[in-house]
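# Coordinate inspection notes
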Amino acid sequence: MKALVAVGSICEQYDTDKLFPSFGFGAKIPPNREISHEFPLNFNPSNPYCAGIAGVTGAYQAALQHVTLWGPTNAAPIINHVAKFAQEAAQSGVANNYFILLLLTDGVISDMADTKRAIIQASSLPMSVIIVGVGSADFSDMHELDSDDSLLHYGSMQAQRDIVQFVAFRNYRSSSPADLARDVLAEVPDQVVEHFHLKGLHPMVKQAGK
C-alpha cells in the first residue's frame, strides 16, 4: 500500500482528469473463484476508472476482501490491455495522448517470454511501463526488461525503443520522496519525446484562453 500511494501520487500529477483505470492480476476472483490476470479493481468492467490515487487505494483495499491472491504472476495480459488503448490513440495521427502503465508486483514475473513479446510489440505505441517491485523477491530479471544498455529482444523480435522503467521500492525506504520521484520518472520524458519524434509528430499547441 505504501508503494502504491508513494509512486501513484507522483504519477497522478501528470494526469489531467485524475481518473485511473485500475486492474489487478494474479488472484482468484468472484463469483467462480477463477484465476484472473486482468480484472478491474472495482469489479466494473464497463467503468474501471478510479478517482485519483485515493480512489485506487480504496478500490484495492475493497478488492482484497473479495479475492484470494494467487500465482502465477503474469504481466503480459495487463500490458496488452493498455496497448489496445495506445493503439487506438496512435491511429489519430496527433500527439495528444501518451499512456503510462504503473505495474506493482510483489513477485517475479512468471510469463517472462510473453511479457517480453508484449513490451516489444508495445514499443511502437505511445506508452511506457513503470514496474515497481515490492517486497523481498529477487527482481533481477526485471532489469532485463528495463533495457538501458541495449534494446529488449526476444528471438527475432526487437523493441523499437526502451519503454520500461523498473525500480525496487525497498531501495527507497530511507530515501526522500524526491529520490523516488526522480527514479520512477527518470526515463519517461525521453521516452515520450522519442516516440513522437519517431512518428514525426509535434506537440499540440494549446490555444490561448483554453
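Preceding block: the structure.
The rules behind these values
- Residues numbered from 1 in each chain as written.
- Predicted model: local features only at pLDDT ≥ 70, side-chain atom pairs only at ≥ 80, totals over all residues.
- Heavy atoms only, no water.
- Helix = DSSP H or I, 4+ residues; strand = E, 2+ residues; numbered from the N terminus.
- Buried < 20%, exposed > 50% of the residue type's maximum accessible area, 1.4 Å probe, protein only.
- Contact = heavy atoms within 4.5 Å.
- Pairing = 2+ DSSP bridges.
- Polar contact = N/O pair within 3.5 Å; in protein donor to acceptor, adjacent residues only side chain to side chain.
- Patch = residues over 30% accessible without salt bridge, like charges linked within 9 Å, V, L, I, M, F, W, Y side chains within 5 Å.
- Areas by Shrake-Rupley, 256 points an atom, 1.4 Å probe, with all protein chains shown as cover.
- Salt bridge = Lys/Arg side-chain N within 4 Å of Asp/Glu carboxyl O.
- 1 Å grid on protein atoms, 1.4 Å probe; cavity = no way out; pocket = protein on both sides within 12 Å on 5 of 7 lines; lining within 4 Å.
- Points joined across faces, edges and corners; volume = space filled by probe spheres on them.
- Nonpolar A, V, L, I, M, F, W, Y, C, P; charged D, E, K, R; others polar.
- Axes fitted to C-alpha atoms, helices over the stretch in contact; angles between N-to-C directions.
- Phe/Tyr/Trp six-rings, centres within 6.5 Å; stacked < 30°, edge-to-face > 60°.
- Lys NZ or Arg CZ within 6 Å of the ring centre and 35° of its normal.

On a plain count of helices and strands, the protein comes out with 7 helices and 12 strands. Dimensions of the protein along its principal axes, counting C-alpha atoms only, are 45 × 45 × 40 Å. Within the protein, buried positions represent 43% of all 210 residues. Contacts spanning at least 24 positions in sequence make up 75% of the contacts within the protein whose residues lie at least 6 apart.

What follows concerns the pairing of strand E9 (residues 127–133). The buried fraction of E9 is high, at 7 of 7 residues. Residues Met 127, Val 129, Ile 131 and Gly 133 point to one face of E9 and Ser 128, Ile 130 and Val 132 to the other, with burial holding for every one of them. Sheet topology places strand E8 (residues 99–105) next to E9; 7 bridges connect them, and they run parallel. Across the sheet, Phe 99 pairs through a bridge with Met 127, a residue of E9. With 5 bridges connecting them, E9 and strand E12 (residues 164–168) associate as parallel partners. Within E12, the residue paired with Ile 131 across the bridge is Phe 166.

Bringing the environment of Asp 17 into the picture now. Mapping Asp 17 onto the fold places it in the loop between helix H1 (2–12) and strand E1 (19–21). Since its relative accessible area comes to 48%, Asp 17 is described here as partly exposed. Each C-alpha atom, one on Asp 17 and one on Gly 52, is 8.6 Å from the other, the two residues being 35 residues apart in sequence. Within the structure, Asp 17 has its side chain in polar contact with the backbone nitrogen of Leu 19 (distance 2.9 Å).

Once that is clear, we can look at a nonpolar patch on the surface. Nonpolar side chains collect at one region of the surface, where Met 1, Val 5, Tyr 60, Leu 64 and Leu 69 lie side by side and expose about 420 Å² of accessible area between them. Judged by relative accessible area, which is 57%, Leu 69 ranks as exposed.

What follows covers the sheet that holds strand E7 (residues 68–69). With antiparallel pairing, the 3 strands of this open sheet are ordered in space as E4-E3-E7. Only two strands of the sheet have a single neighbouring strand rather than two, namely strand E4 (34–36) and E7. In the sheet, strand E3 (residues 27–29) pairs with E7 via 2 bridges, with the strands oriented antiparallel. Considered in E7, the bridge of Ala 27 is made with Leu 69.

With that settled, consider the layout of surface pockets. Each pocket or cavity is described by its volume, and for the second largest pocket that value is around 300 Å³. Here the lining of the second largest pocket is built from residues that sort into 10 nonpolar, 3 polar and 3 charged.

Turning to the sheet that holds E9, a few remarks are in order. Spatially, the 3 strands line up as an open sheet ordered E8-E9-E12, and their pairing is parallel. Each edge of the open sheet carries a strand with a single partner, namely E8 and E12. Neighbour-to-neighbour, the strand axes of the sheet open up by a mean angle of 15°, direction not taken into account. Contacts between H1 and the sheet are confined to E8 and E9, with E8 contributing the most and set at about 170° to the helix.

Right, let's talk about the packing of aromatic side chains for a bit. If you walk through the whole model with that rule in mind, you get 3 aromatic pairs. We note Lys 28 situated over the ring of Trp 70; from NZ or CZ to the ring centre the distance is 3.6 Å.

What follows deals with the environment of Gly 71. Positionally, Gly 71 belongs in the loop between E7 and helix H3 (76–90). Taking the relative accessible area as the measure of exposure, Gly 71 reaches 39% and is therefore partly exposed. Through-space distance from the C-alpha of Gly 71 to that of Asp 17 is 33 Å; in sequence the pair is 54 residues apart.

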